[in-house]
Amino acid sequence: MLIAATNTAGKPRLGLAISKRMAKRAVDRNRIKRLARESFRINAQNLPDLDIVILARRATARADKGQLHASLTHMMRALAKPQRGKTDHG
């Protein structure tokens, strides 16, 4: 799930909330964070000035790399398109 809000920093920023409750093993949390950062770096040039927080859900830890990458890419591209007041993507 992504939560986004406009910022005044002049660039998009990323925050991650990957708790032990959602992904028990550190290796799973780190994998999710690594893929999220990679997706953000790839899409950052197309994003408006937003503070983006990625919240992991239980299914996130069980998803494979391809599923996570596709999901993150889809959500980042949705943020890159002009939105009309909507700031929650999931």
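Shown above is the structure to which this text applies.
Report follows, based on the coordinates.

Considerations on the pattern of salt bridges
- On inspection of all chains with the given rule, the structure shows 2 salt bridges.
- As a salt-bridge pair, Arg13 and Asp51 come within 2.7 Å of each other at their nearest N and O atoms. Here Arg13 is found in strand β2 (residues 13–17), whereas its partner Asp51 is found in strand β3 (residues 50–55), with 38 residues between them in sequence.

Thoughts on the nonpolar core
- Within the largest apolar cluster, 20 residues are counted, with the highest numbers of intra-cluster contacts made by Leu2, Leu47, Ile52, Ile54, Leu72, Met76 and Leu79.
- Going through the elements one at a time, β1 (2–6), α1 (26–43), β3 and α3 (65–80) are the ones with two or more residues in this core.
- The contact partners of Leu47, leaving out residues within four places of it in the chain, are Pro12, Phe40, Ile52, Met76, Leu79 and Ala80.

As for the layout of surface pockets
- Of the volumes computed, that of the largest pocket is approximately 250 Å³.
- Together, 16 residues line the largest pocket, and Met1, Thr60, Leu68, Ser71 and Met75 are the ones closest to its centre.
- Elements supplying a minimum of two residues to the lining of the largest pocket: α1, β3 and α3.
- At 5 residues, α3 tops the list of elements feeding residues into the lining of the largest pocket.
- For the lining of the largest pocket, the per-class residue count stands at 11 nonpolar, 4 polar and 1 charged.

A short note on the environment of Gly10
- Mapped onto the elements of the fold, Gly10 is located in the loop between β1 and β2.
- Sequence-wise, Gly10 and Lys24 are 14 residues apart; in three dimensions their C-alpha atoms are separated by 35 Å.

Some points on the pairing of β2
- Sheet topology places β2 next to β3; 5 bridges connect them, and they run parallel. Across the sheet, the residue bridging to Ala17 is Leu55, located in β3.
- Remark: the β2/α1/β3 crossover connection has left-handed handedness.

Quick look at α1
- With 18 residues, α1 extends 26 Å from end C-alpha to end C-alpha; this agrees with the ideal 26 Å at 1.5 Å per step.
- The inward-facing, buried residues of α1 contact β2, β3, α2 (58–62) and α3.

Analysis parameters
Residues numbered from 1 in each chain as written. Predicted model: local features only at pLDDT ≥ 70, side-chain atom pairs only at ≥ 80, totals over all residues. Heavy atoms only, no water. Salt bridge = Lys/Arg side-chain N within 4 Å of Asp/Glu carboxyl O. Helix = DSSP H or I, 4+ residues; strand = E, 2+ residues; numbered from the N terminus. Core = buried A, V, L, I, M, F, W, Y, C linked by side-chain atoms within 4.5 Å. Buried < 20%, exposed > 50% of the residue type's maximum accessible area, 1.4 Å probe, protein only. Contact = heavy atoms within 4.5 Å. 1 Å grid on protein atoms, 1.4 Å probe; cavity = no way out; pocket = protein on both sides within 12 Å on 5 of 7 lines; lining within 4 Å. Points joined across faces, edges and corners; volume = space filled by probe spheres on them. Nonpolar A, V, L, I, M, F, W, Y, C, P; charged D, E, K, R; others polar. Pairing = 2+ DSSP bridges. Right-handed = clockwise from strand over helix to strand, strands pointing away. Expected span 1.5 Å × (residues − 1).

Taken by themselves, the reported measurements are silent on function.
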